[in-house]
Structure formats: C-alpha cells, structure tokens
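For reference, the chains in residue letters:
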Amino acid sequence: RPFYPAPEMRVSCDVDIFYDKEKRAAVGEMMTSLGFAETGVDANHTAYRRGQVSVEMHHNLLTDQPTVDRYYADAFSRLLPDGGCRYRMRDEDFYIYGTVHAMKHFVVAGIGIRPGMDVFVFPRTHPDMDRAYLAAELEKLGLLSFHTALETLADVYFDARPMPPELEAVSDYLLGSGTYGTAAQAAANRLRGGGKMRLFFRRAFPPYRVMREKYPALRRFPPALP
C-alpha cells in the first residue's frame, strides 16, 4: 500500500501475519485476550475476527506445490530483523513471495487484476532490486515463466504495451476471476485435478499434512489419522 500513488488504491480484506509456529498456543491466547474470536483453521493459518477486522495468523506458508513448500520450509532463514519482535523480507524476497502468493490463488480459484498492479508498481518503486537474483530464485521455484507472464500483462494493462497473443487466454482468466478468484472457478479447477470421484475422496479424507495442522495431536500420534 505505501508504494501506490494513493494508499486507497491498494485495499485488502484482511491482515496476514506470519509467525513462528512454535508460538502457536501463545498466539491463540494473545488473540483471544485482544478480543478476537477464532473463525477458522486450516493447514496454513488460524483466522480471527473482531468487529470488522479480520486477521489471519499464519504458522505455515504452504501452497500444495512441493517445490515451493520445500523452498519455504525454513522461512525464517529468509527474514531480517526489523525491530522488536518484527521481521521482514529483503525487497527481492518480498517480490518473489508476491508471485508465490499470486500463483497459489491462480491455481485454486483464479486471481483478478490486483497481482498485475503489484508487479507493475513494486519494481518501479524499488528499481535497485537484483534482477539476476530474482530470476535465479524464481527458476528454483519453477515460477519464472509465470512471473514473466504477470509482468508482461502488467505492462499491457498499465503501460499500453501490445498484448502478446499467447497470453490472451491467461489475461481472460485473470480478468474474469473477480478479486480473489470465484467459487465457480475453484470448483472447475478442482474437477480438472482428477474428476468428481477424486474430488470427493480428497474432501472426505484430507491428507495427513492437512489434518496434522487442524489437529496437532496427530503430530504426536499419526496412527490416529483414521
């Protein structure tokens, strides 16, 4: 938000905070003491709400993409101290994570134009980023071509560059996906992953990786999964 010409141009629906998962119980107690009510839990985060304020406290950065999840297995090694209990990513790593987050939404339910706005604004407000490092890390993640497509479409949308024909279908998908993707697109994407029967079993019997985050006791006793 601070990098946009006006802060109201970059709105968001919630606050996302990543923290050391070893502090999970303490974080829950802290949020409750601040008047937040827990509204949901998944493999990545616990959601809280107080009035109109929604906060997601993230203990994982999982994406269901094995290459990406291995890359962020020790996410704190990529963070820099930023005063008190706060940490931050270096500019290049923050920009890379923006692509990772966009990819996750893109695969699950689609993404709107906002990630294109971000990849247009951020490099222009951080012109000294190490582009060689960006390319090398995105290549490790398997996301270099995806990131390049996002940057290209950002130039099309906001700098009047010509639309490459090979990106027209990707652009249609982005522009037709609302702000955070759509329920219809999410359902269609899940069905493409193996049909109705596979979807049923995935929904009825979530994998151990997901269940152990919802039910931490499974970490101590995996045979309880059934």
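Conventions we followed
Residues numbered from 1 in each chain as written. Predicted model: local features only at pLDDT ≥ 70, side-chain atom pairs only at ≥ 80, totals over all residues. Heavy atoms only, no water. Core = buried A, V, L, I, M, F, W, Y, C linked by side-chain atoms within 4.5 Å. Buried < 20%, exposed > 50% of the residue type's maximum accessible area, 1.4 Å probe, protein only. Helix = DSSP H or I, 4+ residues; strand = E, 2+ residues; numbered from the N terminus. Contact = heavy atoms within 4.5 Å. Axes fitted to C-alpha atoms, helices over the stretch in contact; angles between N-to-C directions. Parallel < 35°, antiparallel > 145°, perpendicular 65-115°, else oblique. Nonpolar A, V, L, I, M, F, W, Y, C, P; charged D, E, K, R; others polar.

### As for the nonpolar core
Part 1 of the argument: Within the largest apolar cluster, 33 residues are counted, with the highest numbers of intra-cluster contacts made by Val68, Tyr72, Ile96, Leu141 and Leu143.
Part 2 of the argument: For this core, the secondary structure elements donating two or more residues are helix H2 (66-71), helix H3 (91-108), helix H4 (114-125), helix H5 (131-141), helix H6 (144-159) and helix H7 (168-175).
Part 3 of the argument: In this view, Leu141 contacts Thr67, Val68, Tyr71, Ile96 and Val100; residues no more than four positions away in its chain are not counted.
Part 4 of the argument: If you look at the next biggest cluster of nonpolar residues, it comprises seven residues, including Tyr19, Val27, Tyr48 and Met57.

### Quick word on the packing of H5 against H6
Part 1 of the argument: Between H5 and H6, whose axes approach to 8 Å, the crossing angle comes to 125°. Here H5 lies oblique to H6, going by the angle between them. Mapping the contact onto sequence places Arg131, Ala135, Leu138 and Glu139 in H5 and Leu144, His147 and Glu151 in H6.
Part 2 of the argument: Looking at side-chain class alone, the contact of H5 with H6 contains three nonpolar, one polar and three charged residues.

### What about unusual backbone geometry?
Part 1 of the argument: We note that Ala160 has phi near 60°; this positive angle belongs to a residue other than glycine.
Part 2 of the argument: Topologically, Ala160 is positioned in the loop between H6 and H7.
Part 3 of the argument: With a relative accessible area of 71%, Ala160 lands in the exposed category.

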